[in-house]
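Remarks on the overall topology
So you can see what is in the structure, the chains are spelled out below.
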Amino acid sequence: LPDETLLSKNIIGKVVLITGAGGSIGSELCRQVIARSPKKLIMVELNELALFNIQQALSNYSDRIISVLGSISDDPLMEELLINESVDSVYHAAAYKHVPLVEDINNITKACENNVIGTFNLASVSVLYQVESFVMISTDKAVRPSNVMGASKRMAEMVIQSIDTQSLSTKFSMVRFGNVINSSGSVIPLFLDQI
C-alpha cells in the first residue's frame, strides 16, 4: 500500500508536474496525484492523443489541471513551466522505452537525447528553481543493461545520482519498474500476438 504520509507531503496542496503524463505509468501517476488534492497538476506529454486521453479521463478536475503538449528536451519550455507555475514536485516518467525501436541505428541518438540529456536538463532546472521533490521513474532494464534503452536509462539514473550529491534544495529519488501490464513498452502484448 502507498505511504499516505509520504504522498501527502509531496502532493497535497502542491504544484505537481508529471512528464510522460499520457503513458501507462504517467497516466496512472496523474490519476493518483489528482485524487490527493494537489494545488495544481501539470501534465507534460509529447504524444497529442495520449495527452488528450488523460486530459479527458481527468476532466472532472479541469480547474486544477494544465495540459502541456511538449518534450522534456525542450529546455525553454521546461524552464518556463518551473518558473511560472512554481512547481513543488516533479514525477519524471517520460522516456523512449520501446527496445526494438530504440535499438534501431536510426533512433539511438534520439533515445539517448531524450532519456539522458532530457533527464539531465529537467533535473538541473529543478535544482535551479528549487523544486522540493524529484522522482525519476526508471526501469528494471537499467540493471546490468544489455540494450540501448536500458543503458540510456542507467545513464539517466547516474545523472540523477550525480545531481543529487550537489543539490541542497531538491530531494531526488528513483524507482524502477519492470514490465507493466498493458503498457506501451511491455513485451506482454507482443507475446499475446504470438500466441
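The text that follows walks through the structure, step by step, so that each part is easy to find. (Residues numbered from 1 in each chain as written. Predicted model: local features only at pLDDT ≥ 70, side-chain atom pairs only at ≥ 80, totals over all residues. Heavy atoms only, no water.)

**Focus: the overall build of the protein**
Put simply, the rule is: What counts as a helix is a DSSP run of H or I of at least four residues, what counts as a strand is a run of E of at least two, and both are numbered from the N terminus. Every radius of gyration here is taken over C-alpha atoms, with the globule rule written as 2.2 Å times N^0.38, N being the number of residues. Throughout, a residue-residue contact means that at least one pair of heavy atoms, one from each residue, lies within 4.5 Å. Only the protein chains shown count as covering a residue, and every accessible area follows the Shrake-Rupley method with a 1.4 Å probe. When charges are tallied, Lys and Arg are placed among the positive residues and Asp and Glu among the negative ones, while His and the ends of the chain are skipped. Note on charges: their place is set at NZ of Lys, CZ of Arg, CG of Asp or CD of Glu.
Helix and strand counts for the protein stand at eight helices and six strands. For the protein, the succession of helices and strands along the chain, N to C, is α-β-α-β-α-β-α-β-α-α-β-α-β-α. Here the C-alpha atoms of the protein give a radius of gyration of 16 Å, agreeing with the 16 Å that 2.2 N^0.38 yields for 195 residues. The principal-axis extents of the C-alpha atoms in the protein amount to approximately 45 × 40 × 35 Å. Within the protein, contacts between residues at least 6 apart in sequence are counted, and of these 68% link residues at least 24 apart. Carbon and sulfur atoms provide 56% of the accessible area of the protein, an area that totals close to 10,400 Å². Averaging the locations of the 15 positively and 20 negatively charged side chains of the protein gives two centres separated by 7 Å.

**Comments concerning the pattern of salt bridges**
Convention followed: Note on definitions: salt bridges are taken to be side-chain nitrogens of Lys or Arg within 4 Å of carboxyl oxygens of Asp or Glu. Under the scheme applied here, a residue whose accessible area is under 20% of the maximum for its type counts as buried, over 50% as exposed, and between as partly exposed, the area being computed with a 1.4 Å probe on protein chains only.
According to the stated counting rule, one finds five salt bridges in the structure shown. Measuring nitrogen to oxygen at the nearest pair gives 2.7 Å for the salt bridge that ties glutamate 85 to lysine 40. With glutamate 85 in the loop between α4 (75–84) and β4 (89–92) and lysine 40 in strand β2 (residues 40–45), the pair connects residues that are 45 residues apart, well separated along the chain. For lysine 40, a relative accessible area of 22% corresponds to the partly exposed category. Across the pair arginine 154 and glutamate 157 runs a salt bridge whose closest N-O atoms are separated by 3.0 Å.

**A short note on the environment of lysine 97**
For lysine 97, the position within the fold is in the loop between β4 and α5 (99–103). Each C-alpha atom of the pair lysine 97 and alanine 111 lies 8.2 Å from the other, and the pair is 14 residues apart in sequence.

**A few points about the environment of glycine 70**
Among the structural elements, glycine 70 can be located in the loop between β3 (65–69) and α4. With 19 residues separating them in the primary sequence, glycine 70 and serine 89 have C-alpha atoms 18 Å apart. When neighbours within four sequence positions are excluded, glycine 70 is seen to be in contact with Val44, Glu45, Leu46 and Leu77.

**Things to note about the packing of aromatic side chains**
Applicable threshold: Two rings belonging to Phe, Tyr or Trp (six-membered ring only in the last case) form a pair when the distance between their centres is within 6.5 Å. Interplanar angles under 30 degrees mark stacking, angles over 60 mark edge-to-face geometry, and anything in between is tilted.
As enumerated under the stated definition, the model contains one aromatic pair in all. Between phenylalanine 134 and phenylalanine 172 the ring centres are 5.0 Å apart and the planes differ by 45°, which places this aromatic pair in the tilted class. In this pair, phenylalanine 134 sits in strand β5 (residues 133–139) while phenylalanine 172 sits in strand β6 (residues 171–177), placing the two residues 38 residues apart along the sequence. Under the relative-accessibility criterion, phenylalanine 172 is labelled buried at 6%.

**Focus: the nonpolar core**
Generally speaking, soluble globular proteins have nonpolar side chains that are buried together. Selection rule: To define a nonpolar core, start from buried Ala, Val, Leu, Ile, Met, Phe, Trp, Tyr and Cys residues and group those joined through side-chain atoms within 4.5 Å.
Core analysis: the biggest nonpolar cluster contains 25 residues, and Ile42, Leu81, Val87, Val90 and Phe134 have the highest contact counts within it. Mapped onto this core, the elements with two or more residues apiece are β1 (15–19), β2, α4, α6 (108–128), β5 and α7 (148–166). One finds Ile34, Ile65, Ala93 and Val135 within the second-largest nonpolar core, a separate group that totals 19 residues.

**Notes on the pairing of β6**
Note the threshold: Only strands that DSSP links by at least two bridges are regarded as paired with each other. Handedness of a crossover: with both strands directed away from the viewer, a clockwise path from the first strand across the helix to the second marks it as right-handed.
Of the strand pairs in this sheet, β5 and β6 are connected by seven bridges, and their pairing is parallel. In the strand pairing of β6, phenylalanine 134 is matched with phenylalanine 172. In this fold, the crossover linking β5 to β6 by way of α7 has right-handed handedness.

**So, the packing of α6 against α7**
What counts, and what does not: Note on geometry: axes are C-alpha line fits, over the in-contact stretch for helices, and angles between N-to-C directions span 0 to 180 degrees. Should an angle lie under 35 degrees it is considered roughly parallel, over 145 roughly antiparallel, and from 65 to 115 roughly perpendicular; all remaining angles are considered oblique. Should the near helix be turned anticlockwise from the far one by less than a right angle, the crossing is termed left-handed; should it be turned clockwise, right-handed. Each residue receives one of three labels: charged for Asp, Glu, Lys and Arg, nonpolar for Ala, Val, Leu, Ile, Met, Phe, Trp, Tyr, Cys and Pro, and polar for the others, Gly being one of them.
Relative orientation of the contacting elements α6 and α7 amounts to 15°, with a least axis distance of 9 Å. Taken together, the axes of α6 and α7 lie roughly parallel to each other. The interaxial crossing formed by α6 with α7 has right-handed handedness. Where α6 abuts α7, its residues Ile108, Cys112, Asn115, Val116, Thr119, Phe120, Ala123, Ser124 and Val127 lie against Val148, Ser152, Lys153, Met155, Ala156, Val159, Ile160 and Ile163. Here the residues of the contact of α6 with α7 sort into twelve nonpolar, four polar and one charged.

Read these as layout, nothing more, since geometry by itself doesn't imply function.
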